[in-house]
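# Coordinate inspection notes
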Amino acid sequence: MTDTESLTPPRRPGATLTQLLLMGTLLIAGVVSLARQSAALQAFLLGGEDRLLRLSHALLPPAPPAGLAVVTLDEATAQRLGTPPWPREIYARFLQQLCQRHPRVIAMDFVFVGHEAQDAGDDALAGAMRACGNVLLPSHIDEFGRHVSPEPTLAAAALGYGIVNKPHGADFVVRRGRTWWSDARGVFVDYAFEVKAAAVMLDVPLPRIERLERAVLLRGPRGTVTLPSRRDGTVPIRYAYLPSEITTLNFAEVLEGRLPAEAVRDKLVLVGLTFRDRDVHRTPLGPMPGLHIIANTVLMFLSGRSLVELPFPLELLMLWLLALLTLLLTYRLPARHSAALVGLGVAGALGLHLTLWWQGLLWHWSLPVGVMGLVYASTSLYRSVVLHRETAALKRQAITDELTQLFTFRYWQLRLRLEIERVRRYQAPLSLLMLDIDHFKQVNDTYGHLAGNAVLQTVATLLREALRTTDIPGRYGGEEFGVMLPHTNAAGASICAENIRRRIAEYRFTLPNHPEGLRVTISVGVAALDELGLHTAEELIQVADEALYAAKHAGRNRVVMGTWQTIEAGQAIPPAPPERG
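With that settled, consider the sheet that holds strand β20 (residues 472-477). Read across the open sheet, the five strands follow the order β20-β21-β19-β24-β25; overall the sheet is mixed. The sheet is open, and its two borders are formed by β20 and β25 (559-561), each paired with just one other strand. Between one strand and the next, the sheet's axes are offset by a mean angle of 20°, whatever the strand orientation. Where strand β24 (residues 522-528) and β25 come together, three bridges link them in parallel fashion. Within β25, the position partnered with V526 by the bridge is M561. Lying on the sheet, helix α17 (residues 537-553) is in contact with β19 (430-437), β20, β21 (480-486), β24 and β25; it crosses β24 at an angle near 145°.

The contact between helix α15 (residues 449-466) and helix α16 (residues 490-505) brings their axes to 10 Å, and the two run at 140°. The pairing of α15 with α16 is recorded here as oblique in orientation. In this structure, the crossing between α15 and α16 has a hand that is right-handed. Seen from α15, the contacting residues are V459, L462, L463, E465 and A466; seen from α16, they are N499, I500, R503 and I504. Of the residues that constitute the contact of α15 with α16, the class distribution is six nonpolar, one polar and two charged.

Before going further, it helps to spend a moment on the sheet that holds strand β10 (residues 215-220). Sheet architecture is open: three strands sit in the order β9-β10-β11, paired in antiparallel fashion. At either end of the open sheet lies a strand with only one pairing partner, and these are β9 (209-211) and β11 (223-228). The sheet shows a mean angle of 20° between the axes of neighbouring strands, direction not considered. Strand direction decides the pairing type here: β10 and β11, joined by six bridges, are antiparallel. The residue bridging V216 from the neighbouring strand is L227, located in β11. On top of the sheet, helix α7 (residues 193-201) reaches β9, β10 and β11; it is set at about 20° to β10, its chief contact.

Enumeration according to the criterion identifies one disulfide in this entry. Disulfide partner of C99: C132, at an S-S distance of 1.5 Å. Judged by the torsion about the S-S bond (105°), the C99/C132 disulfide is right-handed. Residue C99 is located in helix α4 (residues 88-99), and its partner C132 is located in helix α5 (residues 119-132); the two are separated by 33 residues in the primary sequence.

Core analysis: the biggest nonpolar cluster contains 37 residues, and F94, L95, I106, M108, M129, F251 and V271 have the highest contact counts within it. The set of elements that each furnish at least two residues to this core consists of β1 (68-73), α4, β2 (105-108), α5, β3 (135-141), α6 (152-157), α8 (251-255) and β14 (268-273). With seven residues, α4 is the single largest residue contributor to this core. For F251, the residues in contact, after removing those within four places along its chain, are V71, T72, L73, T77, L81, I90, Y91, F94 and V271. Membership of the second largest hydrophobic core comes to 36 residues, among which are V195, A197, A198 and V216.

Taken as a whole and assessed by the stated rule, the structure comprises 25 salt bridges. Residue D445 is joined to K441 by a salt bridge in which the shortest nitrogen-to-oxygen separation is 2.8 Å. With D445 and K441 both in helix α14 (residues 440-447), this residue pair falls four residues apart, about one helical turn. When its relative accessible area of 53% is taken as the criterion, D445 is described as exposed. Judged by relative accessible area, which is 60%, K441 ranks as exposed. Several salt bridges share partner residues, and in doing so they unite D50, D171 and R175 into one network.

Going through the model one piece at a time under the given rule, you end up with eleven aromatic pairs. Between Y91 and F251 the ring centres are 6.2 Å apart and the planes differ by 75°, which places this aromatic pair in the edge-to-face class. Within this pair, whereas Y91 is found in helix α4, its partner F251 is found in helix α8, the two being separated by 160 residues in sequence. The exposure class of F251 is buried, given its relative accessible area of 1%. For the ring pair W180 and F188, a centre distance of 6.2 Å and an interplane angle of 50° mean the geometry is tilted. W180 sits in the buried class, given a relative accessible area of 5%. Three or more aromatic residues joined by ring pairs make a cluster, and in this case those are Y91, F94, F110, F112 and F251. In this structure, R211 packs its charged tip against the face of W180, placed 4.6 Å from the ring centre.

It is worth spelling out the packing of helix α10 (residues 312-332) against helix α12 (residues 366-399) at this point. α12 packs onto α10 with a crossing angle of 25° between their chain directions and a minimal axis gap of 9 Å. Considering their axes alone, α10 and α12 lie roughly parallel with respect to each other. Here α10 and α12 pass one another in a crossing that is right-handed. For the pair α10 and α12, the contacting residues are L319, L322, A323, T326, L327, T330 and Y331 in the first and L367, P368, V371, M372, V375, Y376, T379, S380, Y382 and R383 in the second. Classifying every residue of the contact of α10 with α12 gives twelve nonpolar, four polar and one charged.

All right, on to the confidence of the model for the chain then. Do not read the predicted coordinates in detail wherever pLDDT is low. Within the chain, residue pLDDT values average 84, and 90% of them lie at 70 or more. Low pLDDT (under 50) marks residues 569-581, which in the prediction has 19 contacts with non-local residues, meaning those over four places away or in another chain.

Below, the discussion takes up the pairing of β20. Where β20 lies against β21, five bridges are found, and the strand directions are antiparallel. Bridged to R475 within β21 is F481. In this antiparallel pair of consecutive strands, β20 and β21, the connection spans two residues, and G478 shows a positive phi of 60°.

Definitions and cut-offs
- Residues numbered from 1 in each chain as written.
- Predicted model: local features only at pLDDT ≥ 70, side-chain atom pairs only at ≥ 80, totals over all residues.
- Heavy atoms only, no water.
- Pairing = 2+ DSSP bridges.
- Helix = DSSP H or I, 4+ residues; strand = E, 2+ residues; numbered from the N terminus.
- Axes fitted to C-alpha atoms, helices over the stretch in contact; angles between N-to-C directions.
- Contact = heavy atoms within 4.5 Å.
- Parallel < 35°, antiparallel > 145°, perpendicular 65-115°, else oblique.
- Left-handed = near helix turned anticlockwise from the far one by under 90°.
- Nonpolar A, V, L, I, M, F, W, Y, C, P; charged D, E, K, R; others polar.
- Disulfide = S-S within 2.5 Å.
- Core = buried A, V, L, I, M, F, W, Y, C linked by side-chain atoms within 4.5 Å.
- Buried < 20%, exposed > 50% of the residue type's maximum accessible area, 1.4 Å probe, protein only.
- Salt bridge = Lys/Arg side-chain N within 4 Å of Asp/Glu carboxyl O.
- Phe/Tyr/Trp six-rings, centres within 6.5 Å; stacked < 30°, edge-to-face > 60°.
- Lys NZ or Arg CZ within 6 Å of the ring centre and 35° of its normal.
- pLDDT = per-residue confidence, 0-100.

Next up, the structure:
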């Protein structure tokens, strides 16, 4: 540390509770705003929730669902039936065989759009649907936002039809389904395929389905079932089952009449394609055919365990409280204690998420955990910066004289020894000045010690202003000062000393209650390390001190060069004449 201007100790840094609250609130507002606007951040946070859901599912696998059977048409079945599309007569034969086994509802995930080339296929399929009386068909929203219904003959023969489209997230993961759909103008279009399937299973006539602002009501003989949703009709899907955990039947077995009646009696039968390269979507539990996404959604509706999202203001309040608690713990407690408590808080957030999820409440844990981690990291970094600044300030206080803001005697001596070792290594010159205020005792006796302190402070300020940033001043004791002049020979040191002496002699010191001011002078002793052949700090100080005493004996207010000859002879360098003007 050679810059004399850096010796003033800074204000001790810290933060009040109000500042912490403000800092935490601004941080949360920034993170929430970023999370709601950044698709990449949303995908990252939701991906963490998906991993937790997969872990929970692996640790606590669900019981096989009752009342549901899935009939799949996969690649092996397609090899037996030929390349799709298949004649609609095949679906008619399939329904004839299936209806003989008395399923409760048949939900066929096949979009029959337009007439078949031969009307006999449409007529056969429509007849089979009317004979069953419980067949649901899907409709969909095309890429232009238009509602595409089944072929009118088939739509009239079916019990009803519903929309099967699902919204995709920013990462193309299907996490949400729909209870109903509206067009771009907000006009209601139709209910979702799964809602109508659940309604039929609950003996609710399709016209009795009722839509509210944030829910769909199924009013039937068993009571009213509420399916909560957002204002746009979307709803989180409670993924509880992998495709392998749902009873799966083969389309060809049904078509050939080899299906036991017990496999589908009084059940909801979902029928659809499960090709590996067709209608397969990413879900929180992994890749899944659209047919099994429908199955998870319908089972959620039938179980009455639809997920309800916490209101955003409540979620934001919980987020703020967790972040504030994290901030206070991190700022007030030791690092190892706060880290342990924050770790417990993260584990608690995960546990709370799973608990609420099982209770049907969706609380996105990833954002609180992310905010807690960010708050912990930010506060820890802030604490480290504060600690570093406070340590530096304490170090400066320990080595800085409180009155003059120069180095203390002890530290200045240490620096002198280090400077001597350095100049010896690099063969560089080094000079030393010893300064003493003339008749300083009279200043204290005449004007008081407060005035004397003011003189000391002003002399120190003038001294710093006259020196280079590489020079090292210190308070040697009382009214005596020492200055190291690195890379300065005897001639340069004499010029510097004379400049300091003249600057102080010409300065008018303003003292309290003494508007007329005061003039003081100094005496300076100079010693050059190499030119005197000195080797230690003690020798250099001794020579400079002897030169200072010589200046005192010679009449004060002067500079004396400390050579052995001048010290022995008591000679002194006379003051330079005042400059003109």
